[in-house]
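Coordinates in review
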Amino acid sequence: MDDARVPRIIYCLMLTMGVLSWVRSYPLLPERMASHFRFDGMPNGWMPRDAFFLVMSLVLGLTIIIAFLVPRLIAVLPDNQINLPHKAYWLAPARRAETFQFFATQMAWFGCAILLVLLFGTSLAIKANLSPDGRFDNGTMVKVMAAFLLMMVLWTVHFLRHFYRVPADAVSRH
């Protein structure tokens, strides 16, 4: 399924839920928040609450660029600036729209994955700042990062398999 609407909707829902959670937590948080944590979960860096949420908002904004703007930018590049296996086949006029739709869908899913990790990490930082011991749950974050890395490997394999899979006669013609 190469319909980018599904991951866009999921992205928007996750972003909305994350921002609503931030709004709910904001007044409960200290003015000076722990924003960086050692591997054992103890804080070792702090910043003003407003700065913390500004930085996180900017980082989330980058996910929007990666997920939704980059595919559009790639689509307007000249063919000689696009690095793609079997480029002549995939960028041929008959398949060009389908190729860029695949890019858009895949990048939207990638954006969802990045957003999930960022929202999860931010949630753990907020939780640490609201807890009496101030400890960040690194064990859980490591598991989330491991799942993200596994997803990245599977996503990359899927992405490459898609573009390496062409009819045999098409490879010999290009």
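All of these numbers come straight from a predicted model, not from anything done at the bench. (Residues numbered from 1 in each chain as written. Predicted model: local features only at pLDDT ≥ 70, side-chain atom pairs only at ≥ 80, totals over all residues. Heavy atoms only, no water.)

Along the backbone of the protein chain there are six helices and two strands. Shown N-terminal to C-terminal, the secondary structure of the protein chain runs as helices and strands in the order α-β-β-α-α-α-α-α. The C-alpha radius of gyration computed for the protein chain amounts to 20 Å, which surpasses the reference 16 Å derived for 174 residues by more than 25%, pointing to a less compact arrangement than a globule. By principal-axis analysis of the C-alpha atoms, the protein chain measures approximately 65 × 25 × 25 Å. Put simply, the protein chain has 174 residues, and 39% of those count as buried. For the protein chain, the accessible area works out to roughly 10,400 Å², and carbon and sulfur atoms hold 69% of it. With 16 positive and 10 negative side-chain charges, the protein chain shows a spacing of 2 Å between the two charge centroids. (Helix = DSSP H or I, 4+ residues; strand = E, 2+ residues; numbered from the N terminus. Rg over C-alpha atoms; globule rule 2.2 N^0.38 Å. Buried < 20%, exposed > 50% of the residue type's maximum accessible area, 1.4 Å probe, protein only. Areas by Shrake-Rupley, 256 points an atom, 1.4 Å probe, with all protein chains shown as cover. Lys, Arg positive; Asp, Glu negative; His and termini not counted. Charge placed at Lys NZ, Arg CZ, Asp CG, Glu CD.)

It is worth spelling out the nonpolar core at this point. Grouped together as the largest cluster of nonpolar side chains are 40 residues, with contacts concentrated most on Trp 22, Phe 53, Leu 84, Phe 110, Phe 136, Phe 148 and Phe 163. Looking at this core, the elements with two or more residues in it are helix 1 (5–25), strand 1 (32–37), helix 2 (49–75), helix 3 (87–90), helix 4 (96–130) and helix 5 (138–164). In contact with Leu 84, not counting residues within four places along its chain, are Trp 90, Leu 91, Thr 99, Phe 103 and Phe 163. (Core = buried A, V, L, I, M, F, W, Y, C linked by side-chain atoms within 4.5 Å. Contact = heavy atoms within 4.5 Å.)

A few words now on helix 5. Look at helix 5: 38 Å from first C-alpha to last across 27 residues, which is about the 39 Å you get at 1.5 Å a residue. Residues of helix 5 that are buried make contact with helix 3 and helix 4. (Expected span 1.5 Å × (residues − 1).)

To continue, consider the pairing of strand 2 (residues 43–48). Here strand 1 runs beside strand 2; their pairing, made up of five bridges, is antiparallel. Across the sheet, Phe 37 pairs through a bridge with Pro 43, a residue of strand 2. Linking strand 1 to strand 2, which pair antiparallel, is a turn of five residues; within it Gly 41 sits at a positive phi near 95°. (Pairing = 2+ DSSP bridges.)

Summed over all chains, the structure comprises four salt bridges. Of the charged contacts in the structure, one is a salt bridge between Arg 38 and Asp 40, with a shortest N-O distance of 2.8 Å. Relative accessible area serves as the criterion here: at 40%, Asp 40 is assigned to the partly exposed category. (Salt bridge = Lys/Arg side-chain N within 4 Å of Asp/Glu carboxyl O.)

Following the sequence through the fold, Leu 73 ends up in helix 2. Note on Leu 73: relative accessible area 47%, which makes it partly exposed.

With that settled, the discussion passes to the packing of helix 4 against helix 5. Direction vectors running N to C along helix 4 and helix 5 enclose 175°, while the axes themselves pass 10 Å from each other. As summarised for this structure, helix 4 and helix 5 are arranged roughly antiparallel, according to the angle between their axes. Seen from helix 4, the contacting residues are Thr 99, Phe 102, Phe 103, Gln 106, Met 107, Phe 110, Ala 113, Ile 114, Val 117, Phe 120, Gly 121 and Leu 124; seen from helix 5, they are Thr 140, Met 141, Val 144, Met 145, Phe 148, Met 151, Met 152, Trp 155, His 158, Phe 159, His 162 and Phe 163. Looking at side-chain class alone, the contact of helix 4 with helix 5 contains 18 nonpolar, six polar and no charged residues. (Axes fitted to C-alpha atoms, helices over the stretch in contact; angles between N-to-C directions. Parallel < 35°, antiparallel > 145°, perpendicular 65-115°, else oblique. Nonpolar A, V, L, I, M, F, W, Y, C, P; charged D, E, K, R; others polar.)

What follows is about the side chain of Arg 49. Among the secondary structure elements, Arg 49 is positioned in helix 2. Using a relative accessible area of 9% as the deciding quantity, one classes Arg 49 as buried. For Arg 49, the side chain forms a polar contact with the side chain of Glu 31, separated by 2.5 Å. (Polar contact = N/O pair within 3.5 Å; in protein donor to acceptor, adjacent residues only side chain to side chain.)

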